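# Inside the fold
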Amino acid sequence: INNVDFEELINEYEKEHNINQEFLDIDIASNNNLIINDILEIKEVFSTLIDNINESLLKVYRIICIFYRMRPDVGYNKNLIMLIYIFLSVCQDEFKCFKNIFNLICSTNTLQFYRKNEEQINIRVKFFDDLLKERLPKISEHFRNLDISTELFLVSWFENLYTNTFDFTLII
């Protein structure tokens with residue numbers, strides 16, 4: 001996809017769904033749109049890191065809508081909104097952000113987590129567990145003694161690309 005195709009997709013989607021700043025304001029006020037609610041919740045985390053955070057709301061919404069239009073096989077995931085905000089905090093260009101997010105999420109390894117492919121997730125969790133046992137046996141044993149499954153945190157780590165484990169100022 002190129003910049004022109006992206007703009008056409010946005011224009012087409014906005015016309016179909018009447019999406020603009022007024023639409024966002026109405027949806028924000030009505031508090032009945034899951035995506036908008038998640039965007040607003042995560043916005044608070046980034047409000048000090050992104051210039052013109054309110055202008056970014058529409059960008060985030062458009063990027064997520066176009067992403068799901070192009071990849072309906074990927075279920076809704078709040079973590080994707082956080083990644084979009086992270087990318088927008090580095091580069092305010094909407095198309096570049098979309099392209100990077102799209103390429104990143106649609107890569108083979110990341111896509112398995114966003115599609116909730118249980119078989120592939122289990123393979124990756126087992127690989128991590130084996131590696132943990134080999135490289136950090138005391139931690140592995142401690143987890144086992146406490147009956148802690150690494151899957152509890154691994155899926156979130158992989159979906160967020162480890163961004164939820166560091167301070168946002170370090171990520172950016």
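It should be noted that the structure appears before, not after, this text.
This one's a predicted model, so the numbers in the text were calculated from it and none came from an experiment. (Residues numbered from 1 in each chain as written. Predicted model: local features only at pLDDT ≥ 70, side-chain atom pairs only at ≥ 80, totals over all residues. Heavy atoms only, no water.)

### A closer look at the packing of aromatic side chains
The final tally for this structure, using the stated rule, is nine aromatic pairs. Chaining the aromatic ring pairs together yields one cluster made of Phe6, Phe67, Tyr68, Phe95, Phe98 and Phe102. (Phe/Tyr/Trp six-rings, centres within 6.5 Å; stacked < 30°, edge-to-face > 60°.)

### Looking at the pattern of salt bridges
By the definition in use, this model includes seven salt bridges. Among the ionic pairs, arginine 115 bridges to aspartate 73, the shortest N-O distance being 3.2 Å. A residue pair is termed long-range when its members are at least 10 positions apart, and arginine 115 in the loop between α7 (108-114) and α8 (118-135) and aspartate 73 in the loop between α4 (53-70) and α5 (78-90) qualify at 42 residues. By relative accessible area, which is 41% here, arginine 115 ends up partly exposed. A salt bridge links lysine 126 to aspartate 130, with the nearest nitrogen and oxygen atoms 2.9 Å apart. Of this pair, lysine 126 and aspartate 130 both sit in helix α8, four residues apart, which is roughly one turn of the helix. Through salt bridges with shared partners, one network takes in Arg71, Asp73 and Arg115. (Salt bridge = Lys/Arg side-chain N within 4 Å of Asp/Glu carboxyl O. Helix = DSSP H or I, 4+ residues; strand = E, 2+ residues; numbered from the N terminus. Buried < 20%, exposed > 50% of the residue type's maximum accessible area, 1.4 Å probe, protein only.)

### Structural notes on unusual backbone geometry
In this structure, lysine 116 takes a positive phi of about 55° despite not being glycine. By the element assignment, lysine 116 lies in the loop between α7 and α8. Although it is not a glycine, aspartate 147 sits at a positive phi angle of roughly 60°. Along the chain, the position of aspartate 147 falls in the loop between α9 (137-145) and α10 (151-160). Given the relative accessible area of 70%, aspartate 147 is considered exposed.

### Regarding α8
With 18 residues, α8 should reach 26 Å at 1.5 Å per residue; the first-to-last C-alpha distance of 25 Å fits that figure. Contact partners of the buried residues in α8: α7, α9 and α10. (Expected span 1.5 Å × (residues − 1). Contact = heavy atoms within 4.5 Å.)

### Side note on a nonpolar patch on the surface
A contiguous nonpolar patch, built from Leu146, Ile148 and Leu152 and spanning about 300 Å² of accessible area, is present on the exposed surface. Within the secondary structure, leucine 152 is located in helix α10. (Patch = residues over 30% accessible without salt bridge, like charges linked within 9 Å, V, L, I, M, F, W, Y side chains within 5 Å. Areas by Shrake-Rupley, 256 points an atom, 1.4 Å probe, with all protein chains shown as cover.)

### Here we look at the side chain of glutamine 112
When you line up the elements, glutamine 112 lands in helix α7. According to the relative accessible area criterion, glutamine 112 is buried, its value standing at 10%. The residues touching glutamine 112, leaving out its near neighbours within four places in the chain, are Asn117, Gln120, Ile121 and Arg124.

### A short note on the packing of α5 against helix α6 (residues 94-105)
Look at α5 against α6: their axes get within 10 Å of each other, and the N-to-C directions meet at 135°. Taken together, α5 and α6 sit at an angle that is classed as oblique. The crossing of α5 and α6 is right-handed. The segment α5 lies against α6, with Leu80, Leu83, Ile84, Phe87 and Leu88 engaging Cys97, Asn100, Ile101, Leu104 and Ile105. The class makeup of the residues in the contact of α5 with α6 is nine nonpolar, one polar and no charged. (Axes fitted to C-alpha atoms, helices over the stretch in contact; angles between N-to-C directions. Parallel < 35°, antiparallel > 145°, perpendicular 65-115°, else oblique. Left-handed = near helix turned anticlockwise from the far one by under 90°. Nonpolar A, V, L, I, M, F, W, Y, C, P; charged D, E, K, R; others polar.)

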